[in-house]
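Residue-level structure breakdown
Here's the letter readout for the chains.
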Amino acid sequence: TTLVLPADVKRYIEDGLACQHVEVVGDGHHFEAVIVSEAFRGKSRLERHRMINDALAAEITGGVHALAIHASVPGEGG
């Protein structure tokens, strides 16, 4: 399994989704991401998570075992 860095996950999210803020921490396999994007407006929590997972799926195959996602729109609590 390839080691994935938090900076890689952050870049993949930013490349696949227009974001106002992205913060990712992790140990190479387990990550936590805080993402603020106007693209989430009007979307359910599940839809937001799918958008993020879709952005990651194109770049990461098998490297991320767990990703805790906190997705919000600007001005909304995470």
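Residues numbered from 1 in each chain as written. Predicted model: local features only at pLDDT ≥ 70, side-chain atom pairs only at ≥ 80, totals over all residues. Heavy atoms only, no water.

Let's shift gears to the environment of Leu 56. Tracing the sequence through the fold places Leu 56 in helix 2 (residues 45–57). The spatial distance from the C-alpha of Leu 56 to the C-alpha of Ile 13 is 6.2 Å, given a sequence separation of 43 residues. Those residues in contact with Leu 56, other than ones at most four positions away along the chain, are Val 9, Tyr 12, Ile 13 and Leu 67. (Helix = DSSP H or I, 4+ residues; strand = E, 2+ residues; numbered from the N terminus. Contact = heavy atoms within 4.5 Å.)

This next bit is on the confidence of the model for the chain. Here the chain shows a mean pLDDT of 86. Residues at 70 or above account for 86%. Within the chain, no element has a lower average pLDDT than strand 3 (residues 66–72), which sits at 85, and none a higher one than strand 1 (residues 21–26), at 95. (pLDDT = per-residue confidence, 0-100.)

What follows covers the packing of helix 1 (residues 6–16) against helix 2. Look at helix 1 against helix 2: their axes get within 8 Å of each other, and the N-to-C directions meet at 110°. Between helix 1 and helix 2, the interaxial angle falls into the category roughly perpendicular. Packed against helix 1, whose contacting residues are Val 9, Tyr 12, Ile 13 and Gly 16, the element helix 2 presents Ile 52, Ala 55 and Leu 56 at the interface. A class-by-class count of the residues in the contact of helix 1 with helix 2 yields 6 nonpolar, 1 polar and no charged. (Axes fitted to C-alpha atoms, helices over the stretch in contact; angles between N-to-C directions. Parallel < 35°, antiparallel > 145°, perpendicular 65-115°, else oblique. Nonpolar A, V, L, I, M, F, W, Y, C, P; charged D, E, K, R; others polar.)

Moving on, we come to the side chain of Arg 48. Relative to the helices and strands, Arg 48 resides in helix 2. From its side chain, Arg 48 meets the backbone oxygen of Ala 71 in a polar contact 3.0 Å long. Among the polar contacts made by the side chain of Arg 48, one reaches the side chain of Glu 76 at a distance of 2.7 Å. Leave out the neighbours within four places in its chain, and Arg 48 touches Phe 40, Lys 43, Ala 71, Ser 72, Val 73 and Glu 76. (Polar contact = N/O pair within 3.5 Å; in protein donor to acceptor, adjacent residues only side chain to side chain.)

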